[in-house]
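Understanding the architecture of this molecule
One-letter residues, chain by chain:
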Amino acid sequence: MFSHEFTEADQAFLEREILPFLPDRIIDAHAHLFCHEHYPGGKPRPGLETTPPRLGLTEYAQFNEWLHPGGRVVGGLFFGLAFLGDRQANNDFIGAEINGATPLARNSRGQLIISPDMDAETVLDEVRRLGMTGLKCYHTMAPLNPRLGTDESGAGSYTADDPTWTAPIEAYLPEDHVAAANTLGLTITLHMVRDRALADPVNQATIRRYCQSYPNMQLILAHAARGFNPWHTIEGIESLRGLDNVWFDTSAVTEAGAFEAIVETMGHEKLMYGTDFHVSHVRGRCIAIGDSFHWLYADEMDLEENHTSLQPVLIGLESLRSIRLACQRLKLSERQVEDIFFGNAAELLDIQLGGG
């Protein structure tokens with residue numbers, strides 16, 4: 001699925017849809033780095049087999065010239081992907097990359113993959129050891145039978161019979177990890193789950209409680225608050241109004257509605273560009289269907305439709321066009337667009353560059 005070539009269709013799309021809009025400086029607030037050896041037996045999980053065996057900052061920079069050419073990416077927020085593999089090795093790899101000698105390293109930050117069974121002191125020790133500035137949780141590491149309930153109906157609980165896609169946030173981001181992040185002012189990137197994402201009152205309640213109780217912790221809601229179906233973010237965004245320490249990244253979202261809702265309710269200062277590399281380099285897009293969403297991948301499509309020949313482009317390009325659409329609809333200024341692509345992340349991540 002990972003694309004090893006930049007096609008004529010990609011180039012034409014980039015020149016027509018993206019380059020007239022793209023700022024000169026970019027910080028990528030959501031990107032994964034990893035090696036195949038970080039997975040059990042050195043074999044990555046299904047869907048990652050076609051990725052290069054090593055994806056570090058050097059490889060990242062090379063591939064991301066396809067999306068934003070001319071050396072526009074000057075820094076980023078990076079974390080691993082081997083959530084069910086050798087997390088220690090993946091974390092060590094991220095630490096080595098962001099503290100290395102590559103051009104991007106100086107202006108890059110890292111987040112530590114954390115599993116809910118880690119004690120808070122270990123989390124902080126590893127953050128300090130590796131020079132990280134944040135934490136990355138993920139639902140697949142949630143224990144299978146925590147019975148975590150956040151209301152009388154038990155809507156916040158799940159059992160071993162349920163997939164972790166139904167897990168409440170507390171199951172994979174326990175409160176002691178949030179408290180630990182608060183002590184050092186760390187960021188946390190959260191890809192929430194449950195069917196209706198931010199429209200789910202259980203998710204809303206946890207996010208508000210965590211952000212209000214731990215104001216020094218900076219919470220980044222990945223994928224525009226998991227707005228793959230934009231209506232979930234549109235419906236739920238009002239629940240977060242007034243929270244100063246919640247942020248959003250654009251990673252891999254290919255419909256504009258969630259971006260618009262975030263900017264209208266929370267302000268453009270809270271939205272940060274992210275690629276979700278390596279996902280950015282898969283061909284396809286995500287579409288809302290009913291009350292859910294579906295990923296369309298080029299290698300699963302019938303590219304010879306009756307009325308036309310389909311030419312899928314990279315998900316990263318589709319996402320960039322959706323950001324452009326949102327910015328145009330909202331009539332954002334050039335400076336506000338630059339904030340989304342650079343300034344907001346620079347402020348949050350304390351990245352300081354010379355010049356304008």
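Read on for a plain summary of the structure. (Residues numbered from 1 in each chain as written. Predicted model: local features only at pLDDT ≥ 70, side-chain atom pairs only at ≥ 80, totals over all residues. Heavy atoms only, no water.)

Here the focus is the pattern of salt bridges. One pass over the full model with this rule turns up 19 salt bridges. Among the ionic pairs, R209 bridges to E170, the shortest N-O distance being 3.2 Å. You can see R209 sitting in helix α7 (residues 201–213) and its partner E170 sitting in helix α5 (residues 169–172), a full 39 residues away along the chain. On the basis of relative accessibility, which here comes to 32%, the residue R209 falls in the partly exposed class. Note that E238 and R241 form a salt bridge whose closest N and O atoms lie 2.6 Å from each other. For E238, a relative accessible area of 45% corresponds to the partly exposed category. Overlapping salt bridges bring together R16, E17, R285, E318, R321 and R324 as one network. (Salt bridge = Lys/Arg side-chain N within 4 Å of Asp/Glu carboxyl O. Helix = DSSP H or I, 4+ residues; strand = E, 2+ residues; numbered from the N terminus. Buried < 20%, exposed > 50% of the residue type's maximum accessible area, 1.4 Å probe, protein only.)

Our next topic: the pairing of strand β8 (residues 218–221). Burial along β8 is two-sided: the face carrying Q218 and I220 and the face carrying L219 and L221 are both buried. Taking the sense of rotation as the criterion, the β-α-β connection linking strand β7 (residues 187–190), α7 and β8 turns out right-handed. In terms of strand pairing, β8 meets strand β9 (residues 246–249) through three bridges, oriented parallel. Pairing of L221 across the sheet is with F248, part of β9. (Right-handed = clockwise from strand over helix to strand, strands pointing away. Pairing = 2+ DSSP bridges.)

Turning our eyes to something else, we now look at the packing of aromatic side chains. Tallied over the full model, the rule gives 14 aromatic pairs. With a centroid separation of 5.2 Å and an interplanar angle of 90 degrees, the aromatic rings of Y60 and F277 are classed as edge-to-face. Of this pair, Y60 sits in helix α2 (residues 57–64) while F277 sits in the loop between β10 (271–272) and β11 (284–289), and the two are 217 residues apart along the sequence. Side by side, Y60 and F277 carry an identical accessibility label, which is buried. (Phe/Tyr/Trp six-rings, centres within 6.5 Å; stacked < 30°, edge-to-face > 60°.)

These figures capture arrangement, not role.
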